Amino acid sequence: MTKKKFDFSTYATVVAFLCLEVFAFLGFSLGHNYILYGSLLTALAILLFIVTFRQIKKDGIATYAFFLFPIFVFALLSALSPFIKDSDGTIGFANATFIPITLLFTGLSGFFVGHIKGFDIQKLFLVIYGALGLFVLINFIITMVYYVPFYPLIYSNSYIFFEGKPSPVPVGQTAYMLYGFEIMEVSLTYWSLYPLILCTSVIALFYIKYKDNKKVFLTYLAFVILGALSLIFTISKYTLFGDLMLILSMGLLILFLKVKKSRKPIKIGLIVLLILAFIFTIIAFLNAQTWSWVSGIKNAIANNSLFNRIFNTNYYIRKINVILWELFNTGKIFGSFVGLISSTGYGAYQEPSGSWIFDNLLTSGLFGALFFIFALYIGIKQMIKYYQKSGEKDVNKALLFAYVIGTLAITAVAYSSKPLIYANNLYPIYMFTPFIITMFLISYTFKPLESQKEENNEQAEVNENEKEIAI
Amino acid sequence: MKKKSLFKILVFTSAVLLTACGYGLKEVYTGIPYNSTNFEANYYNVWDKAINHNSGDNNITETKKEIELDYEKDSVFTRLENEDYENDYKHFQAVEPSWDNYHYTYDKEAPEEGLAYGPAVALKNIDNSFKYGVKSKLFDGQMFCNGDYQQSRTQVGPSNIGKYNGFGIQFSKECTDSSYFMCNFKCSVVTDKSQDIGKFNTDLKIKLGFYLKNSEGYTYIPVTYVIEKVPTNSGDDHFMPPFSGRLTSYVCFGFKLNDTYLNLSRLAGFSFEYELIDVYKPDTHKTFDPGEDTMFHSIMLYEVSLPHSTWH
């Protein structure tokens, strides 16, 4: 008698459903409960592996490793960084242990999900944006209950006493949020990240026709309206960078994805933007140093009023300059950066820069930040490949691009690592749930092209059968 | 369909606007108030309209007969750090079950053993609603100056001299159970010409107002007690760490709540007033004479608490 082999892949649909539930759960952010995220994603990755390991091919793993390895190194350097133990408001040892665990298993979950044949990413997007939408709606209503529309403009210079002391920032820079199981005061910049990311769903409206799919069209329209209303009612100069980045990134993305014939000018525009950002970073880095051979550049910048404003005297660059200076002058390029809030470091209290690009230098060191950028380069390259060759619906591919590019672009200019107003707790980008979802989505695009072709063929067969039935 | 969608958006926006009641903006102020070098500018004289018993336009439906506290019967204590007041400490022991565990002189720095009394009984640690607004200075557990001056104290003026007659605040929640009342303060007297006129003693009559919610408004219960020889303009030199002496310049005033005539169930408002009886030199007992200058007397109130109370 031969024993019948137990086929775990029959449970793939159940695990795929579980995956949707986990991501709905993550959508609520849950007050940066990293251990909870890490545990859930680890369990999910193991279950996904069990149901998909027969489909995984060595080639696929090797390609994916180019993305996962640098991300893992970034996570490891972040976890080992003295930033974890030296900073006031540190995430603590337990959370730090979960940085590599969470990022590794999030990535693997995305990769394995790509191997489930019946997995419908359209449903995943509805779940992710749905949970985010509900979260934004709750936060919006809570904030409006406590405050009034346009309060950041009305109360831009008004304070409130809290625990016997004036609030550290004016009321206009705060908002209320469901934080875990509590309602807490958070910085408006952090609060607005969620409606901004919700607004990236606008891209779906360019692909779905109202007449063809009313329900889905109206759902995405509702997400966009909710996000836009939240942003308009809380409009402030502190959220302006995020708003502008949302418009810019989505505008460029729509142009890039929709205009298929004359993409050259858009490509050139993008390359010019990237070169400008690179030149800005190099000049900012040199300007922040005290080496004698850069004094010429420093003087030239200081003597020009416009350059001086850009590189020396504005609110944002001052924080970035301290980070760039500390990087080489304290020899802590491996991430042993103690300048954030330190008793022995350079600054008494150095606020995070408000951008993951520079905050990564602070929290993970130069090598950590470079590994991260390299992983993103590989990831985005794969996303483009996925967009060009995958047989999935254009709307799903566009939504994936919008969520990933939108989240990365917005947090590059408007991330708040210190979200709580009355606590010094620091939460770098790797603890931000939309970022974790981004890692999952990038990993998903590493799904094997063969299976996509098969999917196309299967879809074609289904269509044929449907036609036959119709006849 | 377009009209329908527009209608839905309009309904949603209106619903959000209706929720916008500015609940968190009631305590907002511009700049930093009560933190001026001008003594007079720091008087806290805010009366919430509904419980302002001095005004006709309030929501008080019943005023109970004034309760004059009895030192023995009501277990009154006014000093916790003075050898001359052993009975006071006995009264404190009678009302505070954890008295043995508490250290009165600590608030910011924790004692090596036991607990700092102020933070341990602070209302902010009992209910979050006490954390907000200027009045949160009274409920934050900071019992002494600690060099924070105006940021930690609430400066109250006398009701019989000048124009700054106490304050009255409503609570957002109601007290369901409490066993004793406590407040910590010291006194100060200056003139409009000089803030350094030496040390004095003050005799004063404290008047506390407790406002209990009823079906139509509030029941007002006034409670009074005369305290003599309150150190006035005494420095905090004994307090600054390392603690070298006893905190004799502060008054810790408290008493037991009585279920028969002073039950604070449904307490939802509190007022603090006092009458100035006399300000005099401790040694000669000569009453302070400001001459042609204007005298400003005040109670510097640091903490108010209903220790171990419950709120809903």
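Up top is the structure these notes are about.
Description of the structure in this document.

A separate point is the overall build of chain A. For chain A, the helix and strand inventory stands at 18 helices and five strands. Per-residue burial over chain A gives 53% buried out of 471 residues. Accessible surface for chain A amounts to roughly 21,200 Å². Of this, 68% is attributable to carbon and sulfur atoms.

All names here are of chain B. The element strand S8 (residues 180-191) is largely enclosed, with a buried count of 12 among its 12 residues. Neither face of S8 is left uncovered, since the one carrying Tyr180, Met182, Asn184, Lys186, Ser188 and Val190 and the one carrying Phe181, Cys183, Phe185, Cys187, Val189 and Thr191 both have all their residues buried. Two elements, S8 and strand S11 (residues 251-256), share six bridges in a ladder whose sense is antiparallel. Counted as the bridge partner of Phe181 is Phe255 from S11.

Here we come to the environment of Met383 of chain A. Residues and elements named next belong to chain A. Along the polypeptide, Met383 turns up in helix H15 (residues 356-389). Each C-alpha atom of the pair Met383 and Tyr444 lies 9.1 Å from the other, and the pair is 61 residues apart in sequence. Not counting residues within four places of it along the chain, the set of residues in contact with Met383 comprises Leu400, Phe401, Val404, Ile405, Ile442 and Thr445.

To continue, consider the interface of chain A and chain B. With 29 residues of chain A at the interface, the matching set in chain B holds 30 residues. Carbon and sulfur atoms supply 69% of the area buried between chain A and chain B, which totals about 2,600 Å² over both sides. Taken together, the connections running from chain A to chain B amount to two salt bridges. With its nearest N and O atoms 3.0 Å apart, the salt bridge here joins Glu163 of chain A to Lys124 of chain B. Summed over the shared surface of chain A and chain B, the result is five residue pairs in polar contact (both at pLDDT 80 or more).

Time to look at the environment of Ser390 of chain A. All names here are of chain A. Along the chain, Ser390 falls in the loop between H15 and helix H16 (394-414). Since its relative accessible area comes to 6%, Ser390 is described here as buried. Placed 98 residues apart in sequence, Ser390 and Ser292 show a C-alpha to C-alpha distance of 53 Å. One polar contact links the side chain of Ser390 to the main-chain amide nitrogen of Glu392, over a distance of 3.1 Å.

Now for the pattern of salt bridges. Residue and element names in this part refer to chain B. In the structure shown here, the tally under the stated rule is 13 salt bridges over all chains. A salt bridge links Lys163 to Glu40, with the shortest nitrogen-to-oxygen separation between them at 4.0 Å. Of the two residues, Lys163 is situated in the loop between strand S6 (154-156) and strand S7 (167-177) and Glu40 in the loop between strand S1 (29-30) and strand S2 (60-63); the sequence distance between them amounts to 123 residues. On the accessibility criterion, Lys163 (60% relative accessible area) is exposed. Glu40 sits in the partly exposed class, given a relative accessible area of 24%.

Let's shift gears to the nonpolar core. Membership of the largest hydrophobic core comes to 123 residues, with the highest contact counts inside it found for Phe23, Ile99, Leu103, Phe119, Tyr430 and Leu441 of chain A. Setting aside its immediate chain neighbours within four residues, Leu103 of chain A contacts Tyr34, Leu68, Ile71, Phe74, Ala75, Tyr430, Phe435 and Met439 of chain A. In terms of nonpolar packing, the next biggest core, distinct from the first, is built from 52 residues, Val134, Val156, Ile227 and Val279 of chain B among them.

As a further point, take the pairing of strand S10 (residues 218-232) of chain B. All names here are of chain B. Counting buried positions along S10 gives 12 out of 15 residues, so the element sits mostly inside the fold. Sheet analysis places S2 next to S10, joined by three bridges and oriented parallel. Looking at S10, one finds that Ile60 is bridged to Tyr218. The pairing of strand S3 (residues 67-68) with S10 spans two bridges and is parallel. If you follow Ile67 over to S10, its bridge partner there is Val223. Sheet topology note: the strand S9 (residues 200-213)/S10 ladder contains 13 bridges and is antiparallel. Along S10, the bridge assignment pairs Phe210 with Ile221.

Residues and elements named next belong to chain B. Within helix H2 (residues 86-95) the residues assigned to the buried category are Asp88, His91, Phe92 and Val95. The buried residues of H2 all sit within an arc of 100° when viewed along its axis, so they share a single face. Exposed and facing more than 90 degrees away from the buried side of H2 are Glu86, Lys90 and Ala94. In this fold, the buried residues of H2 make contact with helix H3 (117-121), S8 and S11.

How each quantity is defined
- Residues numbered from 1 in each chain as written.
- Chains lettered and ligands numbered in written order.
- Predicted model: local features only at pLDDT ≥ 70, side-chain atom pairs only at ≥ 80, totals over all residues.
- Heavy atoms only, no water.
- Helix = DSSP H or I, 4+ residues; strand = E, 2+ residues; numbered from the N terminus.
- Buried < 20%, exposed > 50% of the residue type's maximum accessible area, 1.4 Å probe, protein only.
- Areas by Shrake-Rupley, 256 points an atom, 1.4 Å probe, with all protein chains shown as cover.
- Pairing = 2+ DSSP bridges.
- Contact = heavy atoms within 4.5 Å.
- Buried area = accessible area lost by both parts, 1.4 Å probe.
- Salt bridge = Lys/Arg side-chain N within 4 Å of Asp/Glu carboxyl O.
- Polar contact = N/O pair within 3.5 Å; in protein donor to acceptor, adjacent residues only side chain to side chain.
- Core = buried A, V, L, I, M, F, W, Y, C linked by side-chain atoms within 4.5 Å.
- Arc of directions from axis to C-beta.

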